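# Survey of secondary and tertiary structure
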Amino acid sequence: MDAIRIYGGKRLSGQTTIQGSKNASLPILAATLLISGTCEIENCPDISDVYHMQRLLTSLGCKVEREGALVRVNTESLSECDMPSDSVGVMRSSIMLLGALLARTGYVCMENPGGCVIGARPIDLHLRMLRKMGVVIEETGTGFCAEAARLKGTVLQMPFVSVGVTENLILAAVLAQGETVIEPAAREPEIQALCEFLTGAGARIEGSGTDRLVIHGVEKLNPVRYRIPADRIVAGTYLCACMCTGGRVFLRDAPVHHMESVLETAALMGAAIEYDPEGIMVTGREHESTCHSITTGCYPAFPTDMQSPFMVVMAMSGHDGRIEETVFENRFRIVPELRKMGAGITVQGSTAYIDGNSRLHGAIVQAEELRGGAALVVAALAAEGTCIVTNRHYIDRGYEDIVLSLRDLGADIELA
Ligand code: EPZ
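What comes next is a walk through the structure. Because the structure is a prediction, the values reported are computed rather than measured. (Residues numbered from 1 in each chain as written. Predicted model: local features only at pLDDT ≥ 70, side-chain atom pairs only at ≥ 80, totals over all residues. Heavy atoms only, no water.)

This next bit is on the state of the cysteines. Such a bond, covalent and formed between the sulfur atoms of two cysteines, is termed a disulfide. On inspection of all chains with the given rule, the structure shows 1 disulfide. Disulfide pairing places Cys 109 opposite Cys 145 at an S-S distance of 1.9 Å. Between Cys 109 and Cys 145 the disulfide shows an S-S torsion of about 105 degrees. By sign, it is right-handed. Here Cys 145 lies in strand β8 (residues 143-147) and Cys 109 lies in strand β6 (residues 107-111), a separation of 36 residues in the sequence. Left unpaired, Cys 242 is separated from the closest cysteine sulfur, that of Cys 244, by 9.4 Å. For the unlinked cysteine Cys 244, the closest cysteine sulfur is that of Cys 240, found at 6.3 Å. Of the residues examined, Cys 244 reaches a relative accessible area of 3% and is grouped as buried. (Disulfide = S-S within 2.5 Å. Helix = DSSP H or I, 4+ residues; strand = E, 2+ residues; numbered from the N terminus. Buried < 20%, exposed > 50% of the residue type's maximum accessible area, 1.4 Å probe, protein only.)

On to the sheet that holds strand β2 (residues 13-17). What the 4 strands build is an open sheet, ordered β2-β14-β16-β15; its pairing is mixed. The sheet is open, and its two edges are formed by β2 and β15 (272-276), each paired on a single side. Averaged over all adjacent pairs, the angle separating strand axes in this sheet is 15 degrees, with direction ignored. (Pairing = 2+ DSSP bridges. Axes fitted to C-alpha atoms, helices over the stretch in contact; angles between N-to-C directions.)

Side-chain direction in a regular strand flips from residue to residue, so the side chains alternate between the two faces of the sheet. Judged from the 5 bridges that link them, strand β4 (residues 63-67) and strand β5 (residues 70-74) form a sheet pairing that is antiparallel. From the neighbouring strand, Glu 67 faces β5, where its bridge partner is Leu 70.

So, on to the packing of aromatic side chains. The tally for this structure, following the rule as stated, stands at 2 aromatic pairs. A centroid spacing of 5.2 Å and a plane angle of 90 degrees characterise the contact between Phe 302 and Phe 310, whose relative ring orientation is edge-to-face. For the pair Phe 302 and Phe 310, a shared accessibility class is recorded, and that class is buried. (Phe/Tyr/Trp six-rings, centres within 6.5 Å; stacked < 30°, edge-to-face > 60°.)

Of the residues making up helix α9 (residues 260-268), those classed as buried are Ser 261, Val 262, Leu 263, Thr 265 and Ala 266. For α9, the elements touching its buried residues are α8 (232-245), β15, β16 (279-283), β17 (293-295) and α10 (307-315). Once α9 finishes, Gly 270 follows within two positions and takes phi at roughly 115 degrees, a positive value. (Contact = heavy atoms within 4.5 Å.)

A few words now on the sheet that holds strand β23 (residues 412-415). The 4 strands lie next to each other as β21-β22-β1-β23, forming an open sheet whose pairing is mixed. The sheet terminates laterally at β21 (364-366) and β23, the two strands that pair on one side only. When strand polarity is set aside, the average angle formed by the axes of neighbouring strands in this sheet is 20 degrees. Here β21 pairs with strand β22 (residues 386-390) via 3 bridges, running parallel. Considered in β22, the bridge of Gln 366 is made with Thr 390. Most of the contacts of helix α12 (residues 370-382) go to strand β1 (residues 3-7), to which it runs at about 25 degrees, and overall it touches β1, β21 and β22.

The following block contains the structure:
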């Protein structure tokens, strides 16, 4: 079955190594299309979203091979410009390939990547900004064909901050003619990793990590070997699991310098966090929670991807609280499933109000998307009795071996 069975109530203990970042791996794998030759990507997580990205690259004629956490991509035999719709549909992040393919081949046809339950996830801003770089885009109803003899650098004034659009524009700009300014650019660590990878390949990018990127187009990029940073959202998820079970866990490789808002919130909610050069030791419930309000936002604000798991932490914190979601219009879909487990949560518009004295119990609940599914696992670890979380495939999109990792930390958990 595509499910996980958890018998809750066990305190987590021990240590786990945090996998490479999904949201850094995807744009960097797309970026290999800009480089003729073989790039080697270390610490690349073995998760289904990355698998689908590898499949898309293969369908375009690239040679992609995985050896453990090392993924080699040779793009010399890149031949196709039409992406297989079955991969594009499954893989929302296929839109990441647009900028790179236009820069490399000057022509792309693809189906619209579609949305998901957390929001419509439109691509209007991607297309609008690429048109400003000289791309001719013909929308075909179910998708579009885009063409650009040579991408032209220009000033791109963004109406709002978008991670994916910033990434796509970086990929389009590094080989474009002249200078491109992206403002305001997203500042997420995954964008900084993409800039690091491209700079290592010979790109000229200024302002990485700030909200103003200046990219000077170059003629060619060269193959590189790059190590993907640890996944800050996966680290945050294990942090939540430790807090909800009152455990004590060492999160090896946790990228603490990119987790400030998450660690600050966790400490306010009662966790003790000891810093070590190799990671963090987290003790779940050291003191009373004094955090009664969380608002998500663009980095470095509290990340929207941590909203659902922290909803569970707040429900068990002993104090009522509220969470405001400002990035996606529909990211409380997991609330009805958490309510089935006894969580006292009500939603009004973009705010969830949480009863901090919820007593969670086992139930049969279903994941509907990646981070909501992770939140159900966190809740099940702390709940009384047995929980079955169905639609495990959503969780497998972003978490490597979550059942094995949690079992190693003492959870009573198995595939169902
Ligand atoms: C990236 O999604 C991440 N995905 C998301 O992580 C993350 O939640 C999000 O950034 C915000 O941090 C990857 O990196 C693969 P956006 P992205 O463009 O790029 C709207 C996870 O769980 N928008 O910054 O799609 C959009 O609808 C995933 O790992 C438009 O309106 O996010 C949203 O409301 C979930 N038109 C807002 O912008 C567009 O053309 C911000 O989205 C593009 C976006």
